[in-house]
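An overview of the molecular structure
Chain by chain, the residues:
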Amino acid sequence: MAELQMNEGWNSDQEFEYPFSVEESIPSQKIHKTKTRFNNVRNYKNGSQQTKPHGLIINIDSKKVGKLIGKGGCNIKELQEKSNAKIKIEQSTTYGISTATLTGSQAAQNKAKELIDELLKDPPQPVKIEQEKKKQIPWSQINKRNHEEEPFSYPPIYKNFYKEDSVIAQMSAGHVAEIRLKNNNIEVQHVFDDEENTANELCIPNPIETFEQAFHNYPEVLQEIRKQGFTKPSPIQCQAWPILLSGKDMIGIAQTGTGKTLAFLLPALIHIVGQKTPFNERLGPNVLILAPTRELALQIEKEVGKYSYHDIKAVCVYGGGNRQDQIDTVTKGVQIVIATPGRLNDLVSVRAIDVRSVTYLVLDEADRMLDMGFEPQIRKSLLDVRSDRQTIMTSATWPPGVRRLARSYMQNPIQVFIGSLDLAAVHTVKQQIYMISEEDKMPMLYEFIHNMEPEDKVIVFFSKKARVDDLSSELALAHISCQSIHGGRDQEDRELAIEELKTGLVRILLATDVASRGLDIEDITHVFNYDFPRDIEEYVHRVGRTGRAGKTGESITFMTKDDWSHSKELISILEEASQLVPDELYSMAERYEAWKIKKAEERANNRSCGRGYKSGFNRQNRWGGKW
């Protein structure tokens, strides 16, 4: 495996051999370069170009440099062959403008410029379909909708398909507790205390231990499970399947990679077939699965595709995919719709998807959807979903926003959580933390890349899309194969990046947090946090990209002094997983806590002084005095 070593005497000024040339400049040259770059920015904004005796210089948006270079430099080689001109690119991250110098005959330069302009031109914007003016929706009253006002009557819904195995039914309370304890300490309860749960506690089904105990009445499902080569249910599946097959609402809280998708998917297949209305007479899909990102939605679609059951059809609808193709597929008739909130909202508003037919609703990774600000879109899209549906929610954490969403959409849900409600990283990953300055990050990342073993695969996480693009271009210029993924890339490119990482065509993926969830690649050996994530939950999800499916992995995280607000929570994560905590991290946490106390005291003093000033002013005015 690749190893990253940081000596105690590491100095950012020491020599480091980058895989690309670095010009050494005297101060006067730096001043000249700064003026040149300023002029380039001005010329770029004015759409101009420069011609010098040694060639034609054109300005390029730095975000498009990667597209110009192409994978392994293939695009730039092709351009040079077609135009007979030589193209040299100078990167500039200061102003977001780079330059390309074209040399050769005048005709060759002009041809090269024409080809570059054609390659980098922005794609035409899709024509927006005019929609009816949307009314303001009173979210505070969203749950008071009366489905009796609908202009049609809902067909009856069937939800209970569970016939408890005799062995499970006769389990003693002690045996049940033992099974839950050995399956990563499963805890199960009715979640809301204000509901009448005393009698309901007895209604929580016992956990199962084998696939046969859950699906003994569904031999076709058992056959599909055996095809996948599974040996036994995962902890969340042991408890989730009896609950969901019984038709109850459930909140599943477990880390990514623990089998949550299959936990809600197999009961969904049985639920679809169990409805009495024939497929061709249903208004639309029975199952709706909402996911926060395109990658997770596509991953769920891929999982659905592994199981062939009564010719059930599924479609994945997401922003960035071909909208018309998605509409055509839905209107032909599907039983499962997997969607991201934005695209679902779009297709519901133009009546391409009729959610009145949904009887089984899944909100997958609900915490992530709320973090991304999707709550208004979710609520609007689900206005017409029938109130007596079965609802499942999965989450890795249990914050107030997720509780609020659960209260809105669920009826007396049973909560199943694996391990603990406290946030924790997977224990199959070795977590390494490096306290480092910003200027030392890039040399250490290159050191890691150069030391990678042939079997290593790494995801490098950054906080900004521009940094992903810049490094992707630099690695391509250095003939280092990599791929990148972030919210600004076309969906086609994002899917290609994931596929090439899965197949091993590339072993380095540069990414923002769009890849921290829903990316299920079993042989990722390393996660590299170049920038610390915005919150500790995202750190846990990043780490969870490796150490999957029983394998081990390693995470490497850079922390600078600007990340000190995360130090206390990070220490808890590391200690819980029995990882080494650097002494500097403890010191950073202590300094941050002291700083918070000092700031709180200053605010209290300022408020006190403000009240005293106002009080004194009033007293002076009362007695007619002047300041």
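Residues numbered from 1 in each chain as written. Predicted model: local features only at pLDDT ≥ 70, side-chain atom pairs only at ≥ 80, totals over all residues. Heavy atoms only, no water.

Rule in force here: UniProt positions are given in the numbering used here, feature names are shortened, and annotations may be inferred rather than shown by experiment.
In the nomenclature of an unreviewed UniProt entry, the protein chain is known as RNA helicase of Vespula pensylvanica. Checking UniProt for the protein chain, the heading Catalytic activity (unreviewed entry) contains the comment "ATP + H2O = ADP + phosphate + H(+)". Under the heading Sequence similarities (unreviewed entry), UniProt records this for the protein chain: "Belongs to the DEAD box helicase family."

A closer look at the sheet that holds strand S9 (residues 336–339)
Backbone hydrogen bonds are what pair the strands of a sheet, in a parallel or an antiparallel way. Basically, it comes down to this: For two strands to count as paired, DSSP must find a minimum of two bridges between them. In this text, helices come from DSSP runs of H or I with a minimum length of four residues, and strands from runs of E with a minimum of two, each type numbered from the N-terminal end. Lines are fitted to the C-alpha atoms to define the axes, a helix being fitted only along its stretch in contact, and any angle between axes, read from their N-to-C directions, falls within 0 to 180 degrees.
A sheet is described by the order of its strands in space; here eight strands give the open sequence S5-S12-S6-S11-S10-S7-S9-S8, paired in mixed fashion. If you trace the sheet from one side to the other, it starts and ends with strand S5 (186–190) and strand S8 (314–317), each paired once. For this sheet the average axis-to-axis angle between neighbouring strands, irrespective of direction, equals 15°. As judged from the four bridges shared by strand S7 (residues 287–290) and strand S10 (residues 360–363), these two strands associate in the parallel manner.

What about the packing of aromatic side chains?
Basically, it comes down to this: Any pair of Phe, Tyr and Trp rings, taking the six-membered ring for Trp, is counted once the centres come within 6.5 Å. Such a pair is stacked with planes under 30 degrees apart, edge-to-face with planes over 60 apart, and tilted for the rest. Categorising residues by exposure relies on relative accessible area from a 1.4 Å probe, with only protein chains included: less than 20% of the type maximum marks a residue as buried, more than 50% marks it as exposed, and the intermediate range marks it as partly exposed. Over a ring means this: the NZ of a Lys or the CZ of an Arg is within 6 Å of the ring centre and within 35 degrees of the ring normal.
As enumerated under the stated definition, the model contains eleven aromatic pairs in all. Aromatic side chains Phe 462 and Tyr 530 sit 4.9 Å apart centroid to centroid with 40° between the ring planes, which places their arrangement in the tilted category. With a gap of 68 residues between them, Phe 462 in the loop between strand S14 (458–461) and helix H18 (465–477) and Tyr 530 in the loop between strand S17 (526–529) and helix H20 (536–543) connect regions that are remote in the sequence. By the burial criterion, Phe 462 is buried, and Tyr 530 matches it. Ring centres of Phe 532 and Tyr 539 lie 5.7 Å apart, and the angle between their planes is 10°; on these two criteria the pair is classed as stacked. This pair shows no difference in class: Phe 532 is buried, exactly as Tyr 539 is. An aromatic cluster is defined as three or more aromatic residues linked by ring pairs; in this entry it consists of Tyr 434, Phe 448, Phe 462, Phe 528, Tyr 530 and Phe 558. The ring of Tyr 158 has Lys 276 lying over it, and the distance from NZ or CZ to the ring centre is 5.2 Å. Arg 407 extends its terminal NZ or CZ atom over the ring of Phe 192, reaching a point 4.2 Å from the ring centre.

Some points on the nonpolar core
Our working definition: Buried Ala, Val, Leu, Ile, Met, Phe, Trp, Tyr and Cys residues that are joined via side-chain atoms within 4.5 Å together make up what is termed a nonpolar core. Here, residues are in contact when the closest pair of their heavy atoms is within 4.5 Å.
Membership of the largest hydrophobic core comes to 56 residues, with the highest contact counts inside it found for Phe 215, Leu 266 and Ile 336. Considering each element in turn, this core owes the most residues, nine residues, to helix H10 (residues 260–274). The residues touching Leu 266, leaving out its near neighbours within four places in the chain, are Phe 215, Val 221, Ile 225, Trp 241 and Tyr 307. Ile 251, Leu 290, Val 348 and Met 369 belong to the second largest nonpolar core, which has 37 residues in total.

Focus on helix H21 (residues 567–576)
What counts, and what does not: In this context, the arc is that of the directions from the helix axis out to the C-beta atoms.
Burial in H21 covers these residues: Ser 567, Leu 570, Ile 571, Ile 573 and Leu 574. Viewed along the axis of H21, the buried residues span an arc of 160°, placing them on a single side of the element. Phi turns positive, to about 60°, at Ser 578, one or two residues after H21.

Points about the side chain of Gln 275
Applicable threshold: Any pair of nitrogen or oxygen atoms within 3.5 Å is treated as a polar contact; in protein, a donor-acceptor pairing is required on top of that, and neighbouring residues in sequence qualify only through side-chain atoms on both sides.
Looking at the element boundaries, Gln 275 is found in the loop between H10 and S7. The buried category is assigned to Gln 275, whose relative accessible area is 8%. Among the polar contacts made by the side chain of Gln 275, one reaches the main-chain carbonyl oxygen of His 271 at a distance of 3.0 Å. Excluding residues that lie within four positions of it along the chain, Gln 275 makes contacts with Pro 156, Ile 157, Tyr 158, Phe 161, Arg 282 and Asn 286.

Some points on the pairing of S14
Judged by which residues are buried, S14 turns out to be covered on both faces: Val 458 and Val 460 on one side and Ile 459 and Phe 461 on the other are all buried. Of the pairings in the sheet, the one linking S14 to strand S16 (residues 508–511) comprises four bridges and is parallel in character. The residue of S16 that forms the bridge with Ile 459 is Leu 509. In terms of strand pairing, S14 meets S17 through four bridges, oriented parallel. Within S17, the position partnered with Ile 459 by the bridge is Val 527.

Thoughts on the environment of Leu 510
Looking at the element boundaries, Leu 510 is found in strand S16. The sequence separation of Leu 510 and Val 460 amounts to 50 residues, and the corresponding C-alpha distance is 4.9 Å. The residues contacting Leu 510, other than those within four sequence positions of it, are Val 460, Phe 462, Val 468, Leu 471, Ser 472, Leu 475, Cys 482, Gln 483, Ser 484 and Ile 485.

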